[in-house]
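# Coordinate analysis (summary)
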Amino acid sequence: MAKFGGWSDVYKHLSYDQLKELSDKKGYDKCEGYDFDKEAKKIGIKKPIKKKKESD
Amino acid sequence: MSLCNSVLPAGAVECQKRLAKAKYMLINDVNLSYGTEADFLSLAEHISNINESRTSHLVEIIGYENTTDDPNIITLPNTEKQISNEPIPSMTFNASLSFCDSQQLLKTLNGSTYRVEFFTEDGEKLATFDEGDQVFKGFKASIKALTKGIPVEADPEKMVTMYVFFKQYEEFVNSFVAVPEWGVYPELVNAVPVGLNMRATSKYTSAGGSITVKVTERCGDAFTGLATADFVALRSSDLSDIAFTVVDDGNGAYTVDINKDAVPVNLEVGDSVVIQVQKKTSSVIDYISGELVINVLA
């Protein structure tokens, strides 16, 4: 089974969504034990925290 | 600087020592020099040059021939003889190489210019001293490796011959010899990274955006466990933000996605990049492959 070798530091400047788009396009999710959030975090890209909607 | 500066062939004992035959050669980056005699003899500096900056390449010499021309001797009308030139030294040598090493050498030593230092059998280190810049450095030379192609019946190391054409006669007049406290073997030999072979098993296309490669320990077993950080781009056709993403497909096979630009896109037709495996512990290169040139096809 193919094993993901990690993201390059060159991608550090990308947004979470840009990196996710790249990951989906390349199909890395098919790699053994691949966890996008965990791999992205290794180069400092964290999942954005969604803001709660303010109630009226 | 040297006890032997003056002509004292029958004098001080130090000046009677003859140089032993060359045993090892350091092929250095043309810009490599040593600012002090301590640096010239520093083991740490040499090891760092071999396995970190990769500005020095150690070669064991198996056999060599001095191919320097004899000087032209002219006879004047009064029958006095004169030497009309100072032939610049040259040599050929054969090195201790595996077949795979020699294949890499053929691709690397293609007539480019380097600086060459020698280690003799007695452990002496021979180079030159540049009085203008006050630095120690190897002798400037162009080196080309040529193969006879067909396996040689005897002396297999003679299949590949290196032709060394030195550039300046004066550098040899200003030769400098010193004896390091360490030996080339084992200290420097052990510092040389383990060689890997990397060959492409597919072509990179602009549509696909990736190439598959096979990595082996020289001509031996598959080399497994490489990750993205172990692949480096050495040169490119002026591309920016080159990024690899590596997938280990097992048994020494890897898929290497290669992108360029700040917003990553596949390389385009006409782009080229030269890649290499450099597996490091901290900054020390433990394993290194040959260079793989990737030219992007339609």
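Our subject in this report is the structure included herewith. From a predicted model like this one, the values you see are computed outputs, not experimental measurements. (Residues numbered from 1 in each chain as written. Chains lettered and ligands numbered in written order. Predicted model: local features only at pLDDT ≥ 70, side-chain atom pairs only at ≥ 80, totals over all residues. Heavy atoms only, no water.)

A few words on the overall build of chain A. Assigned secondary structure in chain A consists of 2 helices and 1 strand. The linear arrangement of helices and strands in chain A, starting from the amino end, is β-α-α. Overall size of chain A, expressed as C-alpha extent along the three principal axes, is 50 × 25 × 20 Å. Looking at chain A residue by residue over its 56 residues, the buried ones come to 38%. Here the contacts in chain A between residues at least 6 apart in sequence split such that 67% fall between residues at least 24 apart. Element-wise, carbon and sulfur atoms account for 48% of the exposed surface of chain A, whose accessible area totals about 4400 Å². (Helix = DSSP H or I, 4+ residues; strand = E, 2+ residues; numbered from the N terminus. Buried < 20%, exposed > 50% of the residue type's maximum accessible area, 1.4 Å probe, protein only. Contact = heavy atoms within 4.5 Å. Areas by Shrake-Rupley, 256 points an atom, 1.4 Å probe, with all protein chains shown as cover.)

For the rest of this paragraph, the subject is the interface of chain A and chain B. In this assembly, 17 residues from chain A lie in contact with 19 residues from chain B. In total, about 1300 Å² of surface goes out of reach between chain A and chain B, with carbon and sulfur atoms giving 53% of it. Three residues, A:Gly5, A:Tyr11 and A:Lys26, lead the burial of chain A against chain B; their summed loss comes to 34% of the area buried on that side. Our count for the contact surface shared by chain A and chain B stands at 1 salt bridge. Taken together, chain A and chain B are joined by 8 residue pairs in polar contact (both at pLDDT 80 or more). When contributions to the side of chain A that touches chain B are tallied by element, the ones reaching two or more residues are strand E1 (3–4) and helix H1 (16–26) of chain A. The dominant element in the side of chain A that touches chain B, judged by the number of residues it contributes, is H1(A), at 3 residues. Residue classes in the side of chain A that touches chain B are distributed as 10 nonpolar, 5 polar and 2 charged. Relative to strand E15 (residues 243–250) of chain B, E1(A) runs antiparallel, the two sharing 2 bridges. (Buried area = accessible area lost by both parts, 1.4 Å probe. Salt bridge = Lys/Arg side-chain N within 4 Å of Asp/Glu carboxyl O. Polar contact = N/O pair within 3.5 Å; in protein donor to acceptor, adjacent residues only side chain to side chain. Nonpolar A, V, L, I, M, F, W, Y, C, P; charged D, E, K, R; others polar. Pairing = 2+ DSSP bridges.)

Next up on the list: the layout of surface pockets. Rolled over the atoms, a probe sized like a water molecule indicates the empty space that remains. Residue and element names in this part refer to chain B. The volume enclosed by the largest pocket comes to roughly 1400 Å³. In terms of lining residues, the largest pocket is bounded by 44 residues, among which Arg54, His57, Leu105, Thr108 and Arg218 are the most central. Grouping the constituent residues of the lining of the largest pocket by class yields 19 nonpolar, 15 polar and 10 charged. (1 Å grid on protein atoms, 1.4 Å probe; cavity = no way out; pocket = protein on both sides within 12 Å on 5 of 7 lines; lining within 4 Å. Points joined across faces, edges and corners; volume = space filled by probe spheres on them.)

Bringing the pairing of strand E12 (residues 194–200) of chain B into the picture now. Residues and elements named next belong to chain B. In this sheet, strand E19 (residues 284–289) lies alongside E12 in parallel orientation, the contact comprising 3 bridges. Within E19, the residue paired with Gly195 across the bridge is Ile288. The sheet contact formed by E12 and strand E13 (residues 210–216) spans 4 bridges and is antiparallel. Of the residues in E13, the one forming a bridge with Arg199 is Lys214.

Locating B:Ser142 in the fold gives a position in strand E9 (residues 139–147). Leave out the neighbours within four places in its chain, and B:Ser142 touches B:Gly111, B:Ser112, B:Thr113, B:Tyr163, B:Val164, B:Phe165 and B:Lys167.

Our next topic: the packing of aromatic side chains. All names here are of chain A. Applying the stated rule across the entire model yields 20 aromatic pairs over all chains. Between Tyr16 and Phe36 the ring centres are 5.3 Å apart and the planes differ by 80°, which places this aromatic pair in the edge-to-face class. On the criterion of sequence distance, the pair formed by Tyr16 in helix H1 and Phe36 in helix H2 (residues 36–42) is long-range, its members being 20 residues apart. Classification of Tyr16 by relative accessible area gives buried; the value is 13%. For Phe36, a relative accessible area of 8% corresponds to the buried category. Cluster of aromatic residues (ring-pair linked, three or more members): Phe4, Trp7, Tyr11, Tyr28 and Tyr34. Taking the ring centre of Phe36 as reference, the NZ or CZ of Lys20 above it sits at 5.5 Å. (Phe/Tyr/Trp six-rings, centres within 6.5 Å; stacked < 30°, edge-to-face > 60°. Lys NZ or Arg CZ within 6 Å of the ring centre and 35° of its normal.)

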